[in-house]
Amino acid sequence: MSAPLRTRVKFCGATSVADARLALASGADAIGVILAESPRMIDLATARAIRAAIPAATSIVGVFADNDSELVRGALDAGIVPQFSGDESPEFCNAVVAGRPYYKVFHVGEADLGDLRKRLGAYAGATAMFDTASGGKRGGTGVAFAWNVLQDIAASRAVVVAGGLTPENVGVCVRTLRPYMVDVRSGIESSGVKDENKMRAFVRAVKEANAQPG
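Bear in mind that the values here come from a model prediction, so they are computed numbers and not experimental data.

> Any chance you could break down the state of the cysteines for me, citing the residues and the numbers?
Considering all chains together, one arrives at zero disulfides under this definition. Among the cysteines around Cys 93, which has no disulfide bond, Cys 12 carries the closest sulfur, lying 17 Å off. Distance from the sulfur of Cys 173, which forms no disulfide, to the nearest cysteine sulfur (Cys 12) is 16 Å.

Spelled out as structure tokens, the structure:
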């Protein structure tokens, strides 16, 4: 039997070069910076500084939520991959990225699975990220959804899972869905600050789950 695909780790909400370097030292594969309204929001200049300070092979993902196209294009020009977390239409996404990779967030709980699959089809060029629909918030809820509802979808395409992941539960998520990547922000923080012990524990839990059967 072949080994399962390796689930990667994205640490989101980096606000400084120091945050990004800590994420890499802790074993993250990708780093997220937030350019939308958020307690972890940074400006484009800071995002560019983070991009320039870490290896070019490391993916930097910029989180947007209905931002204007000029800001998104500025991030793209700096080598930052967009993650659209708002109500961006397929037409908007495709026009802005112009064939380059991007992520589109779908909030589980807003619609039934039939409607979700239809929406996925409209964003054919995106890597799909699934987060929890909770109180109208667009991510950062700290609440997990029922991962098993995505088993059929995850079996047929690469997906990213976010929402309420912690070092304690991420292993179950990985073994349930074998996602391409897991995305975490609050689950690796203590009092709103990145916690190295939690970051290392999160990566360790993912590695352990990657080595186990589903």
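Moving on from the model shown.
> Explain the side chain of Thr 132 residue by residue, including any values.
Topologically, Thr 132 is positioned in strand β6 (residues 127-132). On the accessibility criterion, Thr 132 (4% relative accessible area) is buried. A polar contact is formed between the side chain of Thr 132 and the backbone oxygen of Val 143, at a distance of 2.4 Å. In terms of polar contacts, Thr 132 uses its side chain to reach the backbone amide nitrogen of Phe 145, at 3.4 Å.

> Provide a residue-level description of the sheet that holds strand β2 (residues 30-34), including the pertinent values.
The eight strands are arranged β1-β2-β3-β4-β5-β6-β7-β8 in a closed barrel whose pairing can be described as parallel. If you compare each strand with its neighbour and ignore which way they point, the axes differ by 30 degrees on average. Summarising the sheet, strand β5 (residues 103-108) and β6 pair through six bridges and their orientation is parallel. Directly across from Val 108, in β6, lies its bridge partner Thr 132. The sheet strands contacting helix α5 (residues 113-122) are β5 and β6, and the helix crosses β5 at an angle near 170 degrees.

> Just give me the short version of the packing of helix α3 (residues 69-77) against helix α4 (residues 90-97), but keep the residues and values in it.
Where α3 meets α4, the closest approach of the two axes is 10 Å, and the angle between their N-to-C directions is 40 degrees. The angle between the axes of α3 and α4 places the two elements in the oblique class. Handedness of the α3/α4 crossing: right-handed. Side by side, α3 and α4 meet where Ser 69, Val 72, Arg 73 and Leu 76 of the first sit next to Phe 92, Ala 95, Val 96 and Val 97 of the second. Among the residues making up the contact of α3 with α4, the classes are represented as six nonpolar, one polar and one charged.

> Describe the pairing of β6, with residues and values.
Summarising burial for β6: five of the six residues are buried, a large majority. Two elements, β6 and strand β7 (residues 159-161), share three bridges in a ladder whose sense is parallel. Within the sheet, the bridge partner assigned to Met 129 lies in β7 and is Val 160.

> Give me the lowdown on helix α1 (residues 17-25), citing residues and values where you can.
Taken residue by residue, α1 has Asp 19, Ala 20 and Ala 23 as its buried positions. Angular distribution of buried residues about the axis of α1 spans 95 degrees; they occupy a single face of the element. Exposed side chains of α1 directed beyond 90 degrees from the buried face belong to Ala 18 and Arg 21. As for α1, its buried residues are in contact with β1 (8-11), β2, α2 (44-53), β10 (193-194) and α8 (196-210). One or two positions beyond α1, positive phi appears at Gly 27, with a value near 110 degrees.

Calculation rules
Each chain carries its own residue numbering, running from 1 in the direction its sequence is written. Since the coordinates come from a predicted model, pLDDT governs what is reported: local features require at least 70, and pairs of side-chain atoms require 80 or more to be given and counted, while whole-chain, interface and lining totals use all residues. The basis for the side-chain values is all heavy atoms of the structure; hydrogens and waters are excluded. Any two cysteine sulfur atoms within 2.5 Å of one another count as a disulfide. Secondary structure is summarised from DSSP: a helix means a run of H or I of at least four residues, a strand means a run of E of at least two, and numbering begins at the N terminus for each. Relative accessible area decides the class of each residue, using a 1.4 Å probe on protein chains only: under 20% of the type maximum gives buried, over 50% gives exposed, and in between gives partly exposed. Identification of polar contacts relies on pairs of N or O atoms within 3.5 Å, with a donor-acceptor requirement for protein atoms, meaning one able to donate a hydrogen and the other able to accept it, and with residues adjacent in sequence counted only if both atoms are side-chain atoms. Strand pairing is assigned whenever DSSP identifies at least 2 bridges connecting the two strands. Axis definition: a line fitted to C-alpha atoms, over the contacting stretch in the case of helices. Angles run 0 to 180 degrees between N-to-C directions. Whether two residues touch is decided by their heavy atoms; if any such pair falls within 4.5 Å, the residues are in contact. Just so you know how the angles are binned, under 35 degrees is roughly parallel, over 145 roughly antiparallel, 65 to 115 roughly perpendicular, and the rest oblique. Handedness of a crossing follows from how the near helix is turned relative to the far one, being left-handed for an anticlockwise turn of less than a right angle and right-handed for a clockwise one. Note on residue categories: nonpolar means Ala, Val, Leu, Ile, Met, Phe, Trp, Tyr, Cys or Pro, charged means Asp, Glu, Lys or Arg, and polar means any other residue, Gly included. Summarising the geometry, the arc corresponds to the directions from the helix axis toward the C-beta atoms.

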